[in-house]
Amino acid sequence: MSVLRRLSALVQGRQTAAPDTTVLIVGAGSTGLALAQGLKKAGIPYIVVEKNESLHAQPRDWNMGMHWGAESLQALLPPSKWARLQSVQVDPSTPTPDTDAINFLNGQTGDLMTSIPANKFYRLRRRKLRSLLAEDLTIRYSHKIESITYSPDGKHAIAHFTNNNTIKASLIVGADGARSAVRSHLLGPELGSVRTLPYSATFVQARYSAEQALFLRKFHPLYLASINPANLFAFFGLHDIPDPAKPETWTFFFYISWPCSLEEQVQTAHWTDAQRLQQGKDFSKHFTEPWKSAYEWLPDDQKVWYMNLTDFDPGAEGHRWDTHDGRVTLAGDAAHAMTYQRGQGLNHSITDAGRLAAAIKDFVKEKRRRADAVAQYEEEMIARGGGEVRMSSTNTEMVHDWSKVQESPIMKSGMTKVQDIKKQQA
């Protein structure tokens, strides 16, 4: 036997040997960590890999709303961790009420446009949520995925990383965010990319004097949204309250989004923080409080965070990937990246984790074939998540067009999940 053939046989032998783990989760975001917690709770072997060198290697942080998705998270977590969810809220000192509402104001007049009911609406800091979900998990950092291969016997998938390591698993789950490398592997770099939309936003996280902070918070203790006749959308809320008695320590989180053509996005791609900040301050002149003062009081060297809005619809033509007999799948933003003006992203991502954990339990316990379990998970996830991608993108378009605002999904259906809206319309 030639040296080449011996090497080939050796590689194939390694590929068909026992896996390193049952489930390899690519990405230590909220989705991947929640799934890992569910697998750990069920006693199913897993490994989480993360491309960065630590959990919080990236300094950027934001907060997210969780409402109907809370049921799935509770099922995934051990009771001791679920009991600590309050500690990862933007304001741990303010208990989450059983019933609440998000107020949407006319951005120019301050008049109430609608008040959207929200039962058990959690406002969670992403960094703190990830820290809670990462506790007691096996996570391998500095593992950037390069490619995936599949064993000839149909049993395993092998993840290859840029650090020359490999991990073999019965199932690889791409939970690596909106710009998923796993999705790019499955669909190719063109079909696997997010779609850039003609809208942009600039985010701010800022502290103020005690007097200013108290003024800004009086409009709502946690969060407030606004739709402006100038075709602008805005959000304002708290991000962190380390000491409720010291308003000067509070961090506020807010943004203004606007229609921005793809050409303009290219032309302004080089803009500095100072230019983005000035643009935000110019937009804020169209707004009433609290946006008016929040922007006016920002120093000239305030750091900002600009982004174009994007989406990825798993139900779109050409977006159906091959699971290789149930050996690879996607979850969270990797499967369905969506815009955020309807506040659905985290809820769908956590629901993915819950449903996928249940599917994995089924094939591990041999209740169903792996391929069948993964296919059933994907069928529900693609219909649910893809439907929300389309509805959220439609909503983003309509809340940035004053002539269409009243017909937008957020105004007509609030934050009701898309499948429930369809049932109501049937």
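Residues numbered from 1 in each chain as written. Predicted model: local features only at pLDDT ≥ 70, side-chain atom pairs only at ≥ 80, totals over all residues. Heavy atoms only, no water.

A. The overall build of the protein, seen in detail. Counting its regular elements, the protein contains 14 helices and 16 strands. For 426 residues, the compact-globule estimate of 2.2 N^0.38 gives 22 Å, and the C-alpha radius of gyration of the protein, at 23 Å, lies within 12% of that figure. By its C-alpha atoms, the protein is 80 × 50 × 50 Å across when sized along the principal axes. Within the protein, the proportion of its 426 residues that are buried is 54%. Contacts spanning at least 24 positions in sequence make up 74% of the contacts within the protein whose residues lie at least 6 apart. (Helix = DSSP H or I, 4+ residues; strand = E, 2+ residues; numbered from the N terminus. Rg over C-alpha atoms; globule rule 2.2 N^0.38 Å. Buried < 20%, exposed > 50% of the residue type's maximum accessible area, 1.4 Å probe, protein only. Contact = heavy atoms within 4.5 Å.)

B. Layout of the sheet that holds strand 4 (residues 99–106). Strand order in this open sheet of 7 strands is 5-4-12-13-14-11-15, and the pairing throughout is mixed. The outermost strands of the open sheet, each flanked by one partner alone, are strand 5 (112–119) and strand 15 (304–311). Taking each pair of neighbouring strands and ignoring which way they run, the sheet shows an average axis angle of 25°. Relative to strand 13 (residues 232–240), strand 12 (residues 223–228) runs antiparallel, the two sharing 6 bridges. Residue pairing for strand 13: Ile 227 is matched across the bridge by Phe 233. Running at roughly 80° to strand 14 (residues 251–259), helix 9 (residues 273–284) makes contact with strand 11 (195–206), strand 13, strand 14 and strand 15 of the sheet. Each of strand 11, strand 12, strand 13 and strand 15 touches helix 12 (residues 370–399); the most contacted strand, strand 11, lies at about 75° to it. (Pairing = 2+ DSSP bridges. Axes fitted to C-alpha atoms, helices over the stretch in contact; angles between N-to-C directions.)

C. Main features of the UniProt feature "domain: FAD-binding" (unreviewed entry) in the protein. The UniProt record annotates "domain: FAD-binding" (unreviewed entry) at residues 20–60 and 323–383. Annotated as residues 20–60, this span is 32% helix and 24% strand, and its ends, taken at the C-alpha atoms, are 33 Å apart. With 56% helix and 5% strand, residues 323–383 has its two end C-alpha atoms placed 17 Å apart. (UniProt positions renumbered as here; feature names shortened; annotations may be inferred.)

D. Here's a closer look at the side chain of Arg 384. Here Arg 384 lies in helix 12. Its relative accessible area of 3% is what places Arg 384 among the buried residues. Apart from the residues within four sequence positions on either side, Arg 384 is in contact with His 348, Thr 351, Asp 352, Arg 355, Val 418 and Gln 419.

E. Summary view of the domain arrangement of the protein. Parsing the protein into structural domains produces domain 1 (20–92 + 123–194 + 312–403 + 416–425) and domain 2 (196–310). One C-alpha centre belongs to domain 1, the other to domain 2, and the line joining them spans 29 Å. Each side of the interface is counted separately: domain 1 has 23 residues, and domain 2 has 29 residues. Of the roughly 2,300 Å² buried at the junction of domain 1 and domain 2 (both faces included), carbon and sulfur atoms supply 59%. Looking only at domain 1, the three residues that lose the most surface to domain 2 are Tyr 340, His 400 and Trp 402, adding up to 29% of its buried area. Counting across the domain 1 and domain 2 interface gives 2 salt bridges. Residue Asp 91 pairs with Arg 217 through a salt bridge whose shortest N-O separation is 2.8 Å. Run the count over domain 1 and domain 2 and you get 10 residue pairs in polar contact (both at pLDDT 80 or more). Among the secondary structure elements, those contributing two or more residues to the side of domain 1 that touches domain 2 are strand 6 (122–125) and helix 12. Here the side of domain 1 that touches domain 2 is composed, by residue class, of 8 nonpolar, 6 polar and 9 charged. (Domains from an automatic or database assignment. Buried area = accessible area lost by both parts, 1.4 Å probe. Salt bridge = Lys/Arg side-chain N within 4 Å of Asp/Glu carboxyl O. Polar contact = N/O pair within 3.5 Å; in protein donor to acceptor, adjacent residues only side chain to side chain. Nonpolar A, V, L, I, M, F, W, Y, C, P; charged D, E, K, R; others polar.)

F. Structural context of the packing of aromatic side chains. Here the structure, examined in full by the defined rule, presents 23 aromatic pairs. For the pair Trp 82 and Tyr 122, a centre-to-centre distance of 6.2 Å together with 70° between the ring planes defines the contact as edge-to-face. A residue pair is termed long-range when its members are at least 10 positions apart, and Trp 82 in helix 4 (residues 79–82) and Tyr 122 in strand 6 qualify at 40 residues. An aromatic cluster of at least three residues, connected via ring pairs, comprises Tyr 208, Phe 215, Phe 219, Phe 236, Phe 252, Phe 254, Phe 287, Trp 291, Tyr 295 and Trp 297. (Phe/Tyr/Trp six-rings, centres within 6.5 Å; stacked < 30°, edge-to-face > 60°.)

G. Molecular detail of the side chain of Thr 351. Here Thr 351 shows up in helix 11 (residues 345–364). Apart from residues lying up to four places away in sequence, Thr 351 is in contact with Trp 68, Gly 69, Ser 72 and Arg 384.

H. Layout of the nonpolar core. By size, the foremost hydrophobic cluster in this structure holds 70 residues, and its most contacted members are Leu 24, Leu 33, Leu 35, Leu 73, Leu 85, Ile 172 and Ile 360. Setting aside its immediate chain neighbours within four residues, Leu 35 contacts Ile 25, Val 173, Ala 353, Leu 356, Ala 357 and Ile 360. Among the nonpolar cores identified, the runner-up in size contains 51 residues, and Phe 252, Leu 298, Val 405 and Ile 410 belong to it. (Core = buried A, V, L, I, M, F, W, Y, C linked by side-chain atoms within 4.5 Å.)

I. Quick peek at the pattern of salt bridges. Scanning all chains against the criterion turns up 22 salt bridges. Residue Asp 98 is joined to Lys 120 by a salt bridge in which the shortest nitrogen-to-oxygen separation is 3.5 Å. Here Asp 98, found in the loop between helix 4 and strand 4, pairs with Lys 120, found in the loop between strand 5 and strand 6; they are 22 residues apart in sequence, far enough to count as distant. Here Asp 98 falls in the exposed class, since its relative accessible area comes to 57%. Take Lys 120: its relative accessible area is 32%, and that puts it in the partly exposed class. Put simply, Arg 369 and Asp 325 hold a salt bridge, and the shortest N to O gap is 3.4 Å. On the criterion of sequence distance, the pair formed by Arg 369 in the loop between helix 11 and helix 12 and Asp 325 in the loop between strand 15 and strand 16 (328–330) is long-range, its members being 44 residues apart.

J. Structural view of the environment of Leu 330. Residue placement: Leu 330 occurs in strand 16. Judged by relative accessible area, which is 0%, Leu 330 ranks as buried. Taking the C-alpha atoms as reference, Leu 330 lies 5.4 Å from Val 173; in sequence the two are 157 residues apart. Apart from residues no more than four positions distant in its own chain, Leu 330 is found in contact with Gly 174, Ser 180, Val 182, Arg 183, Leu 186, Trp 321, Ala 335, Tyr 377, Glu 378 and Met 381.

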